[in-house]
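Chain and residue survey
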Amino acid sequence: MQAPAVGGVRVKHGDGEVVRLARGASLTDFAEKVGVDPASLVQVLFHLGEMVTATQSVNEETLQLLATELNYDVQIVSPEDEDRELLQSFDIDFGSDEGGEDDLVKRPPVVTVMGHVDHGKTKLLDAVREANVVAKEAGGITQHIGAYQVTTEVDGEQRAITFVDTPGHEAFTAMRARGAQATDIVILVVAADDGVMPQTIEALNHARAANVPIVVAVNKIDVPSADPAKVRGQLTEYGLVPEEYGGDTMFVDVSAKSRINIDGLLESVVLTADAALDLRANPNMPAQGIAIEANLDKGRGPVATVLVQRGTLRVGDSMVAGPAYGRVRAMLDEHGDPVEEATPSRPVLVLGLTAVPGAGDKFLVVDDDRRARQIAEKREARARAAANAKRRARRTLEDFMASMEKGETQELLLILKGDVSGSVEALEDALVRIEVGDEVNLRVIDRGVGAINENDVNLAIASNAVIIGFNVRPAGKAGDVAEREGVDVRYYSVIYSAIDDIEAALKGMLKPIYEEATLGQAEIREIFRSSKVGNIAGCWVTSGVIRRNAKVRLIRDGAVVVDNTELSSLKRFKDDASEVREGFECGLTVNGYNDIKIGDIVESFELREKPRN
Ligand code: GDP
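Labelled according to an unreviewed UniProt entry, the protein chain appears under the name Translation initiation factor IF-2, originating from Kribbella steppae. The record held by UniProt for the protein chain lists under Function (unreviewed entry) the comment "One of the essential components for the initiation of protein synthesis. Protects formylmethionyl-tRNA from spontaneous hydrolysis and promotes its binding to the 30S ribosomal subunits. Also involved in the hydrolysis of GTP during the formation of the 70S ribosomal complex." Under the UniProt heading Sequence similarities (unreviewed entry), the entry covering the protein chain gives this text: "Belongs to the TRAFAC class translation factor GTPase superfamily. Classic translation factor GTPase family. IF-2 subfamily."

A separate point is the overall build of the protein chain. Helix and strand content of the protein chain: 15 helices and 30 strands. For the protein chain, the accessible surface area stands at approximately 29700 Å², while carbon and sulfur atoms represent 47% of it.

What follows deals with the pairing of strand β6 (residues 157-164). Of all 8 residues making up β6, 6 are buried, and the element is well covered by its neighbours. Sheet topology places strand β4 (residues 110-115) next to β6; 3 bridges connect them, and they run parallel. The residue of β6 that forms the bridge with T112 is V164. Sheet analysis places strand β5 (residues 147-154) next to β6, joined by 8 bridges and oriented antiparallel. Paired with V150 across the strands is I161, a residue of β6. Counting the residues that bridge the hairpin from β5 to β6 gives 2 residues, and of these D155 lies at a positive phi of roughly 50 degrees.

Now for the side chain of N282. Structurally, N282 is set in the loop between β10 (280-281) and β11 (288-297). Here the side chain of N282 touches E98 through a polar contact of 2.9 Å, landing on its backbone oxygen. Setting aside residues up to four positions removed in sequence, N282 forms contacts with D97, E98, D103, L104, R310 and G311.

It is worth spelling out the sheet that holds strand β22 (residues 489-492) at this point. Pairing in this open sheet of 4 strands is parallel, and the strands run β20-β19-β21-β22 from one edge to the other. The open sheet terminates on both sides in strands that have one partner only, identified here as β20 (441-449) and β22. The sheet shows a mean angle of 25 degrees between the axes of neighbouring strands, taken without regard to direction. With 5 bridges connecting them, strand β19 (residues 411-418) and strand β21 (residues 466-470) associate as parallel partners. Bridging across to β21, G418 finds its partner in F470. Packing against the sheet, helix α12 (residues 421-432) makes contact with β19, β20 and β21, and its axis sits at approximately 180 degrees to β20.

Another point: the site of the ligand. Around the ligand, 15 residues are found, and the nearest of them are D118, K121, T122, K123 and D222. Take K121: an N or O atom from its main chain is 2.8 Å from an oxygen atom of the ligand. Summarising the interface, the protein chains cover 75% of the accessible area of the ligand, which totals 580 Å² for the free molecule. Sort the elements by how many residues they give to the shell around the ligand and helix α5 (residues 121-135) lands first, with 3 residues.

Quick look at the layout of surface pockets now. Within this model, the second largest pocket holds a volume of roughly 720 Å³. Contributing to the lining of the second largest pocket are 25 residues, with A22, D29, K33, E82 and R382 lying nearest its centre. Its residues assigned to classes, the lining of the second largest pocket comprises 7 nonpolar, 8 polar and 10 charged. Inspection of the lining of the second largest pocket shows a minimum of three residues originating in each of domain 1 (2-77) and domain 3 (288-386).

Within the largest apolar cluster, 26 residues are counted, with the highest numbers of intra-cluster contacts made by L124, I161, F163, I187 and L265. Breaking this core down by element, the ones donating at least two residues are β4, α5, β5, β6, β7 (185-191), β8 (214-219) and α9 (262-276). Considering each element in turn, this core owes the most residues, 6 residues, to α9. When neighbours within four sequence positions are excluded, I187 is seen to be in contact with V111, T112, V113, M114, L124, F163, V215, A217, L265 and V269.

Turning our eyes to something else, we now look at the sheet that holds strand β17 (residues 347-353). With antiparallel pairing, the 6 strands of this closed barrel are ordered in space as β11-β12-β17-β15-β14-β18. On average, each strand axis in the sheet is inclined to that of its neighbour by 45 degrees, with strand direction left out of account.

Another aspect to go through is the packing of helix α1 (residues 27-34) against helix α2 (residues 38-47). Working note: a packed helix pair is described by the angle between its axes plus the distance between those axes. In contact at an axis separation of 8 Å, α1 and α2 are set at 120 degrees when each is read in the N-to-C sense. Our classification of the angle between α1 and α2 gives oblique. The interaxial crossing formed by α1 with α2 has right-handed handedness. For the pair formed by α1 and α2, the contact residues are L27, T28, F30 and A31 on the first element and P38, L41, V42 and L45 on the second. Split by residue class, the contact of α1 with α2 holds 7 nonpolar, 1 polar and no charged.

Let us look at the environment of R433. Following the sequence through the fold, R433 ends up in the loop between α12 and β20. Its relative accessible area of 58% is what places R433 among the exposed residues. With 66 residues separating them in the primary sequence, R433 and I499 have C-alpha atoms 9.8 Å apart.

Once that is clear, we can look at the packing of aromatic side chains. The way to describe two aromatic rings as a pair is by their centre distance and the angle between their planes. Within this structure, the stated rule accounts for 2 aromatic pairs. Seen from their ring centres, F30 and Y72 are 5.9 Å apart, and the 80 degrees between their planes marks the pair as edge-to-face. Taken as a pair, F30 in helix α1 and Y72 in strand β2 (residues 72-77) lie far apart in primary sequence, 42 residues in all. Accessibility expressed as a relative area gives 0% for F30, which makes it buried. Measuring from centroid to centroid gives 5.6 Å for Y148 and F163, while their planes differ by 20 degrees, and the two rings are stacked. One end of the pair, Y148, is in strand β5; the other, F163, is in strand β6, and 15 residues separate them in sequence. In terms of burial, Y148 and F163 fall into one category: buried. Directly above the ring of Y491 sits R473, whose terminal nitrogen or CZ lies 4.0 Å from the centroid. Of note, R553 hangs over the ring of F605, and the distance from its end group to the ring centre comes to 4.0 Å.

Procedures and definitions
- The residue numbers shown here count from 1 along each chain, following its written sequence.
- Totals for whole chains, interfaces and linings use every residue, but because this is a predicted model, local features are given only for residues with pLDDT of at least 70 and side-chain atom pairs only at 80 or more, for both listing and counting.
- By convention in this description, side-chain values take in all heavy atoms of the structure and omit both hydrogens and water.
- UniProt positions are given in the numbering used here, feature names are shortened, and annotations may be inferred rather than shown by experiment.
- Secondary structure counts use DSSP, requiring at least four H or I residues in a row for a helix and at least two E residues in a row for a strand, with both numbered from the N terminus.
- The Shrake-Rupley method, run with a 1.4 Å probe sphere, supplies the accessible areas, and residue values consider only the shown protein chains as cover.
- Three labels apply to residues, based on accessible area from a 1.4 Å probe with only protein chains included: buried if under 20% of the type maximum, exposed if over 50%, partly exposed otherwise in between.
- Two strands qualify as a pair provided that DSSP identifies no fewer than 2 bridges between them.
- In the analysis that follows, any N or O atom pair within 3.5 Å is treated as a polar contact, provided that within protein one partner can donate a hydrogen and the other can accept it, and provided that, for residues neighboring in sequence, both atoms belong to side chains.
- In this analysis, two residues are considered to be in contact whenever any of their non-hydrogen atoms come within 4.5 Å of each other.
- Every angle, taken between N-to-C directions, lies between 0 and 180 degrees, and every axis is a line fitted to C-alpha atoms, over only the stretch in contact when it is a helix.
- Here a residue is near a molecule or strand as soon as one of its heavy atoms is found within 4 Å of it.
- Cavity: a set of points on a 1 Å grid over the protein atoms alone where a 1.4 Å probe fits but cannot get out. Pocket: an open set with protein on both sides within 12 Å along at least five of seven lines, its lining residues, like those of a cavity, having an atom within 4 Å of a point.
- Grid points are joined across faces, edges and corners, and a volume is the space filled by probe spheres set on the points.
- Polarity classes work like this: nonpolar for Ala, Val, Leu, Ile, Met, Phe, Trp, Tyr, Cys and Pro, charged for Asp, Glu, Lys and Arg, and polar for all others, with Gly in that last group.
- A domain assignment, automatic or from a database, supplies the domain bounds used here.
- Nine residue types can take part in a nonpolar core, namely buried Ala, Val, Leu, Ile, Met, Phe, Trp, Tyr and Cys, and a core is a set of them joined through side-chain atoms within 4.5 Å.
- Under this scheme an angle from 65 to 115 degrees is roughly perpendicular, one under 35 degrees roughly parallel, and one over 145 degrees roughly antiparallel; angles in between are oblique.
- Should the near helix be turned anticlockwise from the far one by less than a right angle, the crossing is left-handed, and should it be turned clockwise, the crossing is right-handed.
- For this analysis, a ring pair means two rings from Phe, Tyr or Trp (six-membered ring only for Trp) whose centres lie within 6.5 Å, classed as stacked if their planes differ by under 30 degrees, edge-to-face if by over 60, and tilted for the remaining angles.
- Only when the NZ atom of a Lys or the CZ atom of an Arg is both within 6 Å of the ring centre and within 35 degrees of the ring normal do we say a charge sits over the ring.

Given below as structure tokens:
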């Protein structure tokens with residue numbers, strides 16, 4: 001449909017038509033979706049006051065602005081949805097088992113150990129690993145690959161359990177943040193001599209948010225001051241009621257150090273899995289799962305521990321893991337032994353990928369190497385675009401300078417935080433008194449005493465402000481958020497250095513003043529016609545110097561006929577020259593101008609930046 005032109009540009013308008021775009025999409029992506037020429041979108045945006053190129057990735061606000069103007073409904077798609085759609089475009093349904101009920105086979109539970117620092121997570125993982133050495137005649141678990149599988153006897157049956165060997169909440173939440181849930185059951189470790197502590201609660205909340213059942217390991221019962229009953233009481237208050245009190249959570253008293261009742265803990269994990277979960281997967285399909293950890297090994301190249309969630313992974317399979325792909329060259333288990341295939345819930349170390357995937361990246365096996373590469377490349381491009389869009393969305397002091405040079409920025413917004421109110425006031429006072437003329441403006445949008453907190457960072461994100469911390473640091477997650485979102489946070493302990501920096505930024509924000517310096521002149525004495533490069537001017541340098549890379553103008557009878565252009569060639573006889581001095585002959589062509597005449601003057605000049613005072 002043709003619609004009213006925007007700023008003279010005719011573009012197809014939507015009737016509120018929905019356009020789904022990935023975070024960090026470019027105008028070309030948008031144009032492709034609605035079937036128009038990308039150049040026309042560039043023009044529309046230009047008339048709306050935004051200058052972007054067709055292929056540059058733009059932020060969400062800009063896309064929305066364009067969409068509103070053209071009457072489309074832009075929906076920015078989350079990375080998870082996007083990945084799902086990407087895989088769907090390859091006819092792959094990630095995350096579901098092929099076939100029906102009959103194809104599903106029981107799989108072992110995958111366990112993550114969480115709890116307060118020093119309550120014994122690491123020790124417990126060691127103990128579990130070692131307890132299993134007895135069961136296995138072949139050596140112990142010698143390799144740290146980020147996950148391992150053990151077996152335990154329950155009701156006369158050998159049952160496997162997979163442990164994710166990276167204690168700590170970060171790994172768990174980082175994976176969840178990527179929409180990847182590896183864990184079926186959380187073992188919450190609580191030291192019986194210390195009781196419930198802040199990170200115990202944090203872990204509990206993470207597990208609950210993920211809807212994962214918990215088995216409580218009441219640890220350190222070998223310590224004389226241990227009080228396991230107290231731990232039960234405390235956790236009951238948080239809604240985690242022990243079975244013996246009529247609840248449905250299993251509490252197991254253990255000592256990781258003295259290796260007491262580790263088997264009991266393993267049994268409880270199996271029983272909880274059987275009671276609360278229906279853990280089944282189809283082993284007869286191309287493998288899918290997630291990368292648990294990965295690194296670049298000097299000798300072996302990228303190595304990744306992956307957890308198979310469904311299907312069976314085999315040596316020789318073509319796989320994609322996040323932005324990495326490749327043919328599985330070899331697989332090793334936690335004993336360092338080669339394995340030929342890995343079934344659901346089996347963690348294996350995979351060799352043969354082209355790059356190192358991230359923890360929590362989804363992996364899958366595809367028909368052939370070509371598809372693997374295509375998917376990996378798309379994922380990679382998407383990740384890059386998203387990162388670019390994010391980076392561009394925020395401003396740093398340097399960005400201010402850069403955008404000022406282009407004549408865009410007018411206002412620098414600041415958030416001030418200091419250790420005492422006196423210093424914040426002094427800083428604000430001094431900053432607002434910086435004199436840089438009318439073209440730029442500085443505004444303090446918030447100030448306060450105390451550490452830089454998440455509120456400050458969020459405000460900076462929302463308003464593109466720079467945060468100045470005077471004798472203070474970020475608190476809690478504020479630093480991480482600022483880092484992740486690209487917020488410029490500057491720390492000072494001397495008022496003058498803060499003022500100097502801001503002043504420099506503001507001065508940099510001023511448009512530079514240029515003055516012209518004439519380098520020399522040459523007169524056109526002859527014209528050579530060339531079918532290849534057009535008309536070549538045979539010149540005589542009458543004064544100064546003609547420089548290949550300087551600006552030129554063409555003067556005819558005292559009037560400028562072409563101004564501010566460049567030379568496309570400058571030669572002395574047959575050779576390219578970077579400059580030709582007074583009294584010498586040269587041949588030259590003027591960029592984009594062919595209509596030269598004998599007697600024309602070619603003037604070479606350059607623009608020099610004039611320093612401001
Ligand atoms: P994490 O921070 O939760 O990984 O805790 P660690 O596993 O590093 O254990 C912290 C400290 O507690 C270490 O000094 C361990 O030796 C000790 N520890 C862990 N489990 C036990 C236990 O069952 N009994 C005793 N007495 N000490 C333990």
